[in-house]
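Here is what each chain is made of, one letter per residue.
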Amino acid sequence: MELINIKSVNVRYKNGVNAIYDLSLKIKKGDFVFVIGGSGCGKSTFIKMLYREIKPNSGEIILGGLNVAKLRNSKVYKLRRKLGIVFQDYRLLPKLTVYENVAFALEVIGAKKSEIQVKTLKAIELVGLKSKTRMYPDQLSGGEQQRVAIARAIVNNPKLLLCDEPTGNLDPEKSMEIMKILDNINKTIGTTIIMATHDKEIVNKMKKRVIVLKDGHLVKDYEKGKYDDEIA
Amino acid sequence: MKLLRMLGRGIRDASKSVIRNFSLSMASISCISITLMVVALALVVSLNVDNFTNMIESDVTMVIFLEGNATTEDVDKVSDELEKIKNIESITFKSKKEQQEEMMKEDEVFETIMSDWDEDESSLRDSFLVKVVDLEKIEDTAKKVKKIDKIDNVNYGEEMVDRLLGAFDLVKKITIAMVVTLIIVTIFLIINTIKLTIFSRKREISIMRLVGASNATIKLPFVIEGMIIGAIGSVVPILLVIYGYVAMYNHLGGIIFSNLIKLITPEPFVYIISLVVLITGIIVGMLGSARAVRKYLKV
């Protein structure tokens, strides 16, 4: 069963730059998909479009029954509650502890205190930071901070986890740790994961579905892909 | 339950923010305090002025003098005619004799002069004291009265009444203008305070949006912050009204200038004013923050 159905989507920025051309794509529930391509190929735009940070100029994006392309600003939160989002720069709140950062995602949607506690601890445990729940982000390494961000993204049991270059700031060893965690989430919970990256090594090692974008066009879609130097 | 939790969170965040941006909050609170003091003053003045106006209006009496040669029958006729005029509320007849006695009581000089007057040589006139229903139509009524036979003159102190009411009206207009100006200034200051809070929490807001907080949840703390600033700002003006008005009332003995102008008694007057001041503070705070949220929080 497909979770995402994208039909002839075009994205053009106000400055006239075309970021995505006529993109059509289906992603199944439980898939792990890499979106690769060089700088400016439209990876980030693709991810942003999925969490409705930008609106496509034309086309349709159906995500878990919601038409994302036509979603009004005031209703965007309905979509976001079904998603988890992880960024290259972690985006944690520096004045909150690990626990508070993760719990924050549940607090702001009005979850019960007991529910917050159970889910938060579970998510932190899943990313292997149980011993560091009371630490602040600046006391953690980059890899650990990214793990907090992942815990925050999955704490609400989203159907889809969007990752925009989550390993971009990390060394290869830490990057692999993050990938293991993501793979684990994908396999144990069944969360669909879409990850934009330009990390060749990761893509080649993971052997997942790979979507290649070039200048806003979908140029390749491998079932068990490799990072193709010529294309990307 | 969920709504309560969100409200609790909003209040908690808002209070934190007021403390975190203390100096800026203080600026807004001081400004709102000054505004509310003027609002309170304006209310005290204008409500008292209304009170004076009502008292003066209810005190206005039209005096109708009959011609010197009017007989008792003439008096009866005039009285009948007066009763037919709609705007007249009450009619009191005062004969020459009664007037003479009154004047003699008031002044020794009059007493000596008038003591040996007999009724025919009296230069006083029989008169009617008339109260009207609607003061604004008093001029019309006076004209109608003048047309009645045997009436010499009608007097109702129109100039004095008009001037007094005009002065009161001016006082009211000035206070209203001041209040409006100050409220606008305060709203702008609150917009700025909230704007800075919004900027200082931009990161938090963007994360809130990412994890699916609804717009209302994001906006609520800022609106509450404005309301808290408004409520805190109303404390000093309220104390000033409660203690200040009572002190002034006691000091003046409840009257200004003459017994004619009485101040409104402090209870429950000061509490009503305090409530109005508090509500005004909260509403002004809310208006300012709502405007800032609309302008600077694009969600």
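Residues numbered from 1 in each chain as written. Chains lettered and ligands numbered in written order. Predicted model: local features only at pLDDT ≥ 70, side-chain atom pairs only at ≥ 80, totals over all residues. Heavy atoms only, no water.

### A short note on helix 5 (residues 142-154) of chain A
Compared with an ideal rise of 1.5 Å per residue, which puts 13 residues at 18 Å, helix 5 of chain A spans 19 Å between its outermost C-alpha atoms and is within 8% of the ideal. Within helix 5 of chain A, 12 of the 13 residues are buried, leaving the element largely enclosed by the surrounding structure. The set of residues buried in helix 5 of chain A consists of Gly143(A), Glu144(A), Gln145(A), Gln146(A), Arg147(A), Val148(A), Ala149(A), Ile150(A), Ala151(A), Arg152(A), Ala153(A) and Ile154(A). On its buried face, helix 5 of chain A is in contact with strand 6 (83-87), helix 3 (98-107), helix 4 (113-126), strand 7 (160-164) and helix 6 (172-188) of chain A together with helix 8 (202-210) of chain B. (Helix = DSSP H or I, 4+ residues; strand = E, 2+ residues; numbered from the N terminus. Expected span 1.5 Å × (residues − 1). Buried < 20%, exposed > 50% of the residue type's maximum accessible area, 1.4 Å probe, protein only. Contact = heavy atoms within 4.5 Å.)

### Section: the sheet that holds strand 2 (residues 18-28) of chain A
Residues and elements named next belong to chain A. Taken together, 4 strands build an open sheet; the order of strands is 2-1-4-5 and the sheet is antiparallel. Because the sheet does not close on itself, it has two edges, and the strands there are strand 2 and strand 5 (66-67). Sheet topology places strand 4 (residues 58-63) next to strand 5; 2 bridges connect them, and they run antiparallel. Bridging from a neighbouring strand, Ile-62 pairs with Asn-67 of strand 5. (Pairing = 2+ DSSP bridges.)

### Thoughts on the interface of chain A and chain B
Opposite the 23 residues of chain A that make contact, chain B presents 19 residues. Taken together, both faces of the contact between chain A and chain B bury some 1800 Å²; the carbon and sulfur share is 59%. Together, Arg80(A), Phe104(A) and Val108(A) form the three largest contributors to the area buried by chain A at its contact with chain B, with a combined 28%. Between the two partners, chain A and chain B, sit 2 salt bridges. (Buried area = accessible area lost by both parts, 1.4 Å probe. Salt bridge = Lys/Arg side-chain N within 4 Å of Asp/Glu carboxyl O.)

### Observations concerning the confidence of the model for chain B
Residue and element names in this part refer to chain B. Averaged over all residues, the pLDDT of chain B is 82; the fraction at 70 or higher stands at 97%. For chain B, per-element mean pLDDT is lowest for strand 6 (residues 261-262), which scores 76, and highest for helix 10 (residues 235-252), which scores 91. With pTM at 0.70, the complex prediction returns an ipTM value of 0.84. (pLDDT = per-residue confidence, 0-100.)

### A short note on the nonpolar core
Side chains of a nonpolar character, in soluble globular proteins, are inclined to be buried together. In this structure, Phe34(A), Ile150(A), Leu161(A), Met179(A) and Leu182(A) are the most contacted members of the largest nonpolar core, which totals 82 residues. When neighbours within four sequence positions are excluded, Leu161(A) is seen to be in contact with Gly84(A), Ile85(A), Val86(A), Ala153(A), Ile154(A), Leu182(A), Thr191(A), Thr192(A), Ile193(A) and Ile194(A). The next biggest cluster of nonpolar side chains, apart from the first, holds 36 residues, and it includes Leu23(A), Ile27(A), Ile54(A) and Leu210(B). (Core = buried A, V, L, I, M, F, W, Y, C linked by side-chain atoms within 4.5 Å.)

### Overview of unusual backbone geometry
A cis amide bond links Glu267(B) to the next residue, Pro268(B), at an omega of 0°. Mapped onto the fold, Pro268(B) is located in helix 11 (residues 266-296). A positive phi is found at Asn157(A), a non-glycine position, where the angle reads about 50°. By the secondary structure assignment, Asn157(A) is in the loop between helix 5 and strand 7. The phi torsion at Asp215(A) lies on the positive side, around 45°, for a residue other than glycine. Relative to the elements of secondary structure, Asp215(A) occurs in the loop between strand 9 (209-214) and strand 10 (217-222). Judged by its relative accessible area of 52%, Asp215(A) is exposed.

### A word on the packing of helix 1 (residues 2-20) of chain B against helix 9 (residues 215-233) of chain B
For any two helices packed against each other, one specifies the inter-axial angle together with the distance between the axes. Residue and element names in this part refer to chain B. Contact geometry of helix 1 with helix 9 gives a least axis separation of 8 Å together with a crossing angle of 55°. As far as their axial angle goes, helix 9 and helix 1 are oblique. Crossing angle aside, the handedness with which helix 1 passes helix 9 is right-handed. Across the interface between the two elements, Met-6, Leu-7, Gly-10, Ile-11, Asp-13, Ala-14, Ser-15, Ser-17 and Val-18 from helix 1 touch Thr-217, Leu-220, Pro-221, Ile-224, Glu-225, Ile-228 and Ile-229 from helix 9. (Axes fitted to C-alpha atoms, helices over the stretch in contact; angles between N-to-C directions. Parallel < 35°, antiparallel > 145°, perpendicular 65-115°, else oblique. Left-handed = near helix turned anticlockwise from the far one by under 90°.)

### Brief notes about the environment of Asn186(A)
Residue and element names in this part refer to chain A. Looking at the element boundaries, Asn-186 is found in helix 6. Here the alpha-carbon distance between Asn-186 and Asp-31, two residues 155 residues apart in the chain, equals 7.7 Å. Beyond its immediate stretch of four places on either side in the chain, Asn-186 contacts Gly-30, Asp-31, Phe-32, Thr-191, Thr-192, Ile-193 and Lys-208.

### Some words on the pairing of strand 2 of chain A
All names here are of chain A. Taken together, the 7 bridges between strand 1 (residues 2-12) and strand 2 define a ladder with antiparallel strand orientation. By the bridge assignment, Glu-2 is partnered in strand 2 with Lys-28. Between strand 1 and strand 2, which follow one another and run antiparallel, lie 5 residues, and Gly-16 among them has a positive phi close to 95°.

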